[in-house]
Amino acid sequence: MGAVFEIPNRILVAIGGNATHPEDIEGTSREQKTIAASTAESLLPLALLDNELVITHGNGPVVGKILMRQAMTRDVMAPMPLDICVAHSQGGIAYLLVQALESALREADSSRHVACLLTQVEVDEDDPAFQEPSKPIGPFYEKKEALQIGDEMGWVMREDAGRGWRHIVPSPKPKHVCDISLVQVLARRGTVVIAGGGGGIPVVRGPKGVRHGVEAVIDKDLTSAHMANILGIGLLMILTSVPKISINFGTSREKQLDEVTMRELKVLHSEGHFPPGSMGPKVDAALRFLESGGERVIVAHLNEVMPALHGEAGTHITADEG
């Protein structure tokens, strides 16, 4: 790694959904509490610093299971629209993280508070994504079952990379984080703020400011980058289940990136190194954040928070000079 940089006192940390809910677990409440406690232990050294700290999180595996329950009970229970499913997952995941992180802080004799803000995120009702759903969510189905569920639930079902059929939904770009000023006020008071979970609850706004939810899922990393830009936070940390960004991933020529500039990363992205189903969304968010005034992005493993902050782990992406 290169030179060690000074740790800023304002940081936004984005935790991946698969980092907080790995695919190899059943998803029981006990498992989720254990994982939340482990996540809290990883974040604790950062929360013990004198800083403004905002945390976002993914919800992919959890919202997928909510949708699975709805599919299984569709004959006896009216299904919820997708925006309410996102709200359910956002609240449940954040509750576990708030409790686990505050417990870890108390064990460390810190009185710092942790708060969750249920976050609505406005999107453009004319976003092209609504006409071209592209984001797969939920479990895999056999074709016959998928088409039957799609017909009964009104879902768009599509084959996904040869692994089965899945529910496909629009993924519009975040336009405005509702009540972002509340996030700012709490963070400035020293509260660790958990917000924007799952990319936020997707809503559109009418001419008089009246909002209503829409059937969509917003990319968590894009919302995280947007929040950090609006709040004027210079450092975005994206914590995942992998240690670094890699090029030629899964081949004999695979190489992990330690440090890379925005310009260099754009070239690598154009060469197809970061597919949409894996590292692509994180790279897109990193570039958007830096292009909008951000200073540095760190992509690192959830268990390497402090080494990454000290420049000893993770991939560090910096804005171009000049």
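**A look at the overall build of the protein chain**
Turning to step 1, where the next piece is worked out: The number of helices and strands found in the protein chain is 10 helices and 17 strands.
Turning to step 2, where the next piece is worked out: By the compact-globule yardstick of 20 Å for 322 residues, the protein chain fits well, its C-alpha radius of gyration being 19 Å.
Turning to step 3, where the next piece is worked out: Oriented by its inertia axes, the alpha-carbon framework of the protein chain measures out at about 55 × 45 × 45 Å.
Turning to step 4, where the next piece is worked out: A burial count over the protein chain gives 51% of its 322 residues as buried.
Turning to step 5, where the next piece is worked out: Here the analysis covers contacts within the protein chain between residues at least 6 apart in sequence; of these, 76% occur between residues at least 24 apart.
Turning to step 6, where the next piece is worked out: When the accessible surface of the protein chain is totalled, it reaches about 15600 Å², and 50% of it is carbon and sulfur.
Turning to step 7, where the next piece is worked out: The distance from the centre of the 30 positive side-chain charges to the centre of the 41 negative ones in the protein chain is 2 Å.

**Observations concerning the packing of aromatic side chains**
Turning to step 1, where the next piece is worked out: Here the structure, examined in full by the defined rule, presents 0 aromatic pairs.
Turning to step 2, where the next piece is worked out: The ring of Phe140 carries Arg166 above its face, with NZ or CZ at 4.6 Å from the centroid.

**A look at the environment of Glu295**
Turning to step 1, where the next piece is worked out: Tracing the backbone shows Glu295 in the loop between helix H9 (280–291) and strand S16 (296–301).
Turning to step 2, where the next piece is worked out: On the basis of relative accessibility, which here comes to 56%, the residue Glu295 falls in the exposed class.
Turning to step 3, where the next piece is worked out: Through-space distance from the C-alpha of Glu295 to that of Asp320 is 9.1 Å; in sequence the pair is 25 residues apart.
Turning to step 4, where the next piece is worked out: Excluding residues within four positions of it along the chain, Glu295 makes contact with Gly234, Phe289, Leu290, Ile317, Thr318 and Ala319.

**Some points on the nonpolar core**
Turning to step 1, where the next piece is worked out: Membership of the largest hydrophobic core comes to 53 residues, with the highest contact counts inside it found for Val13, Ile55, Leu101, Met237 and Leu309.
Turning to step 2, where the next piece is worked out: Looking at this core element by element, the count peaks at 12 residues for helix H4 (residues 82–107).
Turning to step 3, where the next piece is worked out: Of all hydrophobic cores here, the second largest spans 41 residues; its members include Ala195, Ala225, Leu268 and Ala286.

**Considering the pattern of salt bridges**
Turning to step 1, where the next piece is worked out: The tally for this structure, following the rule as stated, stands at 12 salt bridges.
Turning to step 2, where the next piece is worked out: A salt bridge links Glu122 to Arg211; its shortest N-O distance comes to 2.8 Å. Separated by 89 residues along the polypeptide, Glu122 in strand S4 (residues 120–122) and Arg211 in strand S11 (residues 211–213) bring together distant segments of the chain.
Turning to step 3, where the next piece is worked out: In this structure Glu122 comes out as buried when scored by relative accessible area, which is 6%.
Turning to step 4, where the next piece is worked out: Connected via shared salt-bridge partners are Glu122, Arg205 and Arg211.

**Comments concerning unusual backbone geometry**
Leaving glycine out, the prevailing phi sign among residues is negative, and the prevailing peptide bond configuration is trans.
Turning to step 1, where the next piece is worked out: With phi around 60°, Asp109 is a residue other than glycine that occupies positive phi space.
Turning to step 2, where the next piece is worked out: Here Asp109 shows up in the loop between H4 and strand S3 (114–117).
Turning to step 3, where the next piece is worked out: Of note in this structure, Asp179 is not a glycine but carries a positive phi near 55°.
Turning to step 4, where the next piece is worked out: With respect to the helices and strands, the residue Asp179 is situated in the loop between strand S8 (176–177) and helix H6 (180–188).
Turning to step 5, where the next piece is worked out: The class of Asp179 is partly exposed, set by a relative accessible area of 45%.

**Digging into the environment of Gly206**
Turning to step 1, where the next piece is worked out: Within the fold, Gly206 resides in the loop between strand S10 (201–205) and S11.
Turning to step 2, where the next piece is worked out: On the basis of relative accessibility, which here comes to 26%, the residue Gly206 falls in the partly exposed class.
Turning to step 3, where the next piece is worked out: As for Gly206 and Trp165, which are separated by 41 residues in sequence, their C-alpha atoms are 35 Å apart.

**Structural notes on the sheet that holds S11**
Turning to step 1, where the next piece is worked out: Spatial strand order, S8-S4-S10-S11: 4 strands in an open sheet with mixed pairing. Strands with a single pairing partner mark the edges of an open sheet, and in this sheet they are S8 and S11.
Turning to step 2, where the next piece is worked out: Note that S4 and S10 share 3 bridges and pair parallel. Each residue of the ladder has a partner; that of Glu122, found in S10, is Val203.

**Concerning the packing of helix H2 (residues 29–47) against H4**
Turning to step 1, where the next piece is worked out: Two elements in contact, H2 and H4, have axes separated by 8 Å at closest approach and are oriented at 50°. By the angle between their axes, H2 is oblique relative to H4. Crossing angle aside, the handedness with which H2 passes H4 is right-handed. Facing H2, whose interface residues are Gln32, Lys33, Ala36, Ala37, Thr39, Ala40, Glu41, Leu43, Leu44 and Ala47, H4 presents Leu96, Leu97, Ala100, Leu101, Ala104 and Leu105.
Turning to step 2, where the next piece is worked out: Class assignment for the residues of the contact of H2 with H4 results in 12 nonpolar, 2 polar and 2 charged.

**Remarks on the environment of Gly64**
Turning to step 1, where the next piece is worked out: Position of Gly64 relative to the elements: it lies in helix H3 (residues 60–72).
Turning to step 2, where the next piece is worked out: Accessibility expressed as a relative area gives 5% for Gly64, which makes it buried.
Turning to step 3, where the next piece is worked out: Setting aside chain neighbours within four positions, we find Gly64 in contact with Gly138 and Pro139.

**Details of H3**
Turning to step 1, where the next piece is worked out: With 13 residues, H3 should reach 18 Å at 1.5 Å per residue; the first-to-last C-alpha distance of 18 Å fits that figure.
Turning to step 2, where the next piece is worked out: Listing the buried residues of H3 in full gives Pro61, Val62, Val63, Gly64, Ile66, Leu67, Gln70 and Ala71.

Rules behind the numbers
Residues numbered from 1 in each chain as written. Predicted model: local features only at pLDDT ≥ 70, side-chain atom pairs only at ≥ 80, totals over all residues. Heavy atoms only, no water. Helix = DSSP H or I, 4+ residues; strand = E, 2+ residues; numbered from the N terminus. Rg over C-alpha atoms; globule rule 2.2 N^0.38 Å. Buried < 20%, exposed > 50% of the residue type's maximum accessible area, 1.4 Å probe, protein only. Contact = heavy atoms within 4.5 Å. Areas by Shrake-Rupley, 256 points an atom, 1.4 Å probe, with all protein chains shown as cover. Lys, Arg positive; Asp, Glu negative; His and termini not counted. Charge placed at Lys NZ, Arg CZ, Asp CG, Glu CD. Phe/Tyr/Trp six-rings, centres within 6.5 Å; stacked < 30°, edge-to-face > 60°. Lys NZ or Arg CZ within 6 Å of the ring centre and 35° of its normal. Core = buried A, V, L, I, M, F, W, Y, C linked by side-chain atoms within 4.5 Å. Salt bridge = Lys/Arg side-chain N within 4 Å of Asp/Glu carboxyl O. Pairing = 2+ DSSP bridges. Axes fitted to C-alpha atoms, helices over the stretch in contact; angles between N-to-C directions. Parallel < 35°, antiparallel > 145°, perpendicular 65-115°, else oblique. Left-handed = near helix turned anticlockwise from the far one by under 90°. Nonpolar A, V, L, I, M, F, W, Y, C, P; charged D, E, K, R; others polar. Expected span 1.5 Å × (residues − 1).

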